[in-house]
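The lines below spell out each chain.
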Amino acid sequence: MTLTGAELERYSRQLVMAEWSGTAQRRLGEARVMVLGVGALGTPVATYLVGAGVGHVVLVDSDVVELSNLHRQTVHSTGDLGTAKVESAAARLRALNPEVHVEPLRLRVDVRTAPGLVAGASLVVDCSDSFDTRYAVNDACCAAGVPLVEAGVLGLGGLVLSIRPGRSACYRCAFPTPPPAGAVPSCREAGVLGPMAGIVGSHQALEALKLVAEVGEPLLDRLLQIEGRDATQTIVSVRRRPDCPACARVAAAAQ
Amino acid sequence: MSAELDLTGVLCPMTWVRTRLALEDLDPGERLEVRLDPGEPLESVPRSAREDGHEVAERGEIVSILKR
């Protein structure tokens, strides 16, 4: 894959970085990344992945754009109300970078659809908003050996964890059991400030670029906790569990 | 083996972008000769190349970079 003159110009501000390289850029261009959810987290994730030149970005979501989404889901517009989120996001992202193949897929991510969605992906970015979906995506990625970036945001807090199945702690290693029903309010009940979704989703996008381009040190075995109330960030060490039902038997993915 | 790159008429930071990509295609010990415009390009490309650890010689508007 050779970069055209326009691509050199488009990606010049990352290509000049000492940490980046033509090889890193080519890795992005050859990657197929699944973005599961184009809401609060999916907005910065999809925008920055498409902007950075990931070759093929698949957007998966079953929802339509609602008025209450727009304060944080800025990839959509007021004129998109009632439109499938994957379609309104795809239109915006294709306009941002026509070099990228953006594929909208209107589908609900659950334990039934997750295995088929993650198969063949270079990387999965979980931008969903439920614990059930996170466990389903985590388990599917572990079974398929596909690297994954998990994140969650609620109110003024959030967390991010990168996962290389078989090599680093998976989401189930970090959180073996879901919180009891009703213990954690949903985004709908607890609310969230737009910039918090932007901060957490931007971290998630950065992790995705690092993992695909093989640049820097991803959040493997390190859970990033972000507290917006006092602008603090904490790294918490997490470890693989030898009895983890999702990843204990996964052989280290070949590099 | 050596390679040549004519970057006259090219502005920063594209000068360094193109130089870095050309260097990536070379093996250590190979040489890249870059022709640059006076001013910012001739001032910044040699500096960036040295910062990346390469050996740099300047002859007029030609910057000769030995890849490390």
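See the structure shown above.
Conventions we followed
- Residues numbered from 1 in each chain as written.
- Chains lettered and ligands numbered in written order.
- Predicted model: local features only at pLDDT ≥ 70, side-chain atom pairs only at ≥ 80, totals over all residues.
- Heavy atoms only, no water.
- Helix = DSSP H or I, 4+ residues; strand = E, 2+ residues; numbered from the N terminus.
- Contact = heavy atoms within 4.5 Å.
- Salt bridge = Lys/Arg side-chain N within 4 Å of Asp/Glu carboxyl O.
- Polar contact = N/O pair within 3.5 Å; in protein donor to acceptor, adjacent residues only side chain to side chain.
- Core = buried A, V, L, I, M, F, W, Y, C linked by side-chain atoms within 4.5 Å.
- Buried < 20%, exposed > 50% of the residue type's maximum accessible area, 1.4 Å probe, protein only.
- Pairing = 2+ DSSP bridges.
- Axes fitted to C-alpha atoms, helices over the stretch in contact; angles between N-to-C directions.
- Phe/Tyr/Trp six-rings, centres within 6.5 Å; stacked < 30°, edge-to-face > 60°.
- Lys NZ or Arg CZ within 6 Å of the ring centre and 35° of its normal.

**Student:** Pulling in residues and values, what's your account of the environment of Arg249(A)?
**Tutor:** Within the element layout of this structure, Arg249(A) appears in the segment after strand S8 (232-237). Considering only alpha carbons, one finds Arg249(A) and Leu224(A), 25 residues apart in sequence, at a separation of 25 Å.

**Student:** A description of the interface of chain B and chain A should follow, citing residues and the corresponding values.
**Tutor:** Contact residues are listed per partner, giving 8 residues for chain B and 14 residues for chain A. If you look at where chain B meets chain A, you find 0 salt bridges. Our count for the contact surface shared by chain B and chain A stands at 5 residue pairs in polar contact (both at pLDDT 80 or more).

**Student:** Talk me through the nonpolar core; I want residue IDs and the actual numbers.
**Tutor:** Residues and elements named next belong to chain A. Ranked by internal contacts, the top residues of the largest apolar core, which has 69 residues, are Val 33, Leu 49, Leu 59 and Val 125. At 9 residues, helix H10 (residues 194-213) tops the list of elements feeding residues into this core. Other than its neighbours up to four places away in sequence, Val 125 contacts Val 33, Met 34, Val 35, Leu 36, Val 45, Leu 49, Val 149, Gln 204 and Ala 208. One finds Leu 36, Val 137, Leu 148 and Ala 174 within the second-largest nonpolar core, a separate group that totals 31 residues.

**Student:** Which residues make up the pairing of S8(A), and what values do they have?
**Tutor:** All names here are of chain A. By the bridge criterion, 6 bridges tie strand S7 (residues 222-227) to S8 in an arrangement that is antiparallel. Counted as the bridge partner of Gln 225 is Thr 234 from S8. The hairpin formed by S7 and S8 contains 4 residues between the paired strands, and Ala 231 there has a positive phi angle of roughly 55°.

**Student:** Quick one: what's the story with the sheet that holds S8(A), residue by residue and with numbers?
**Tutor:** Residues and elements named next belong to chain A. Taken in spatial order, the 8 strands of this open sheet run S3-S2-S1-S4-S5-S6-S7-S8, and their pairing is mixed. In this open sheet, the two edge strands, each paired with only one partner strand, are strand S3 (101-106) and S8. Strand-to-strand twist in this sheet, taken as the mean axis angle between neighbours without regard to direction, amounts to 15°. Contacting strand S1 (32-36), strand S2 (56-61), S3 and strand S4 (123-126), helix H4 (residues 42-52) runs over the sheet at an angle of about 165° to S1. Of the strands in this sheet, S1, S4, strand S5 (148-154) and strand S6 (157-163) touch helix H7 (residues 131-144), which is tilted by about 170° from S5.

**Student:** Which residues make up unusual backbone geometry, and what are the values?
**Tutor:** Looking along the chain, the bond that leaves Cys12(B) and enters Pro13(B) is cis, with omega of 5°. Within the fold, Pro13(B) resides in the loop between strand S1 (2-6) and helix H1 (14-24). Its identity is not glycine, yet Asp221(A) carries a phi of approximately 60°, on the positive side. In this fold, Asp221(A) is placed in the loop between H10 and S7.

**Student:** Residues and numbers for the packing of aromatic side chains, please.
**Tutor:** All names here are of chain A. The final tally for this structure, using the stated rule, is 2 aromatic pairs over all chains. With a centroid separation of 5.1 Å and an interplanar angle of 45°, the aromatic rings of Tyr 171 and Phe 175 are classed as tilted. Grouped by ring-pair contacts, the aromatic residues Tyr 135, Tyr 171 and Phe 175 constitute a single cluster. The lysine or arginine in question, Arg 134, covers the ring of Phe 131, its NZ or CZ lying 5.3 Å from the ring centre.

**Student:** Report on the side chain of Gln25(A), specifying residues and quantitative values.
**Tutor:** All names here are of chain A. Positionally, Gln 25 belongs in helix H3 (residues 22-29). Note on Gln 25: relative accessible area 1%, which makes it buried. Looking at Gln 25, its side chain comes within polar contact range of the side chain of Gln 14, at 2.8 Å.

**Student:** Describe the environment of Glu43(B), and please don't skip the residues or the numbers.
**Tutor:** Position of Glu43(B) relative to the elements: it lies in helix H2 (residues 40-51). For the pair Glu43(B) and Gly53(B), spaced 10 residues apart in the sequence, the C-alpha separation amounts to 17 Å.

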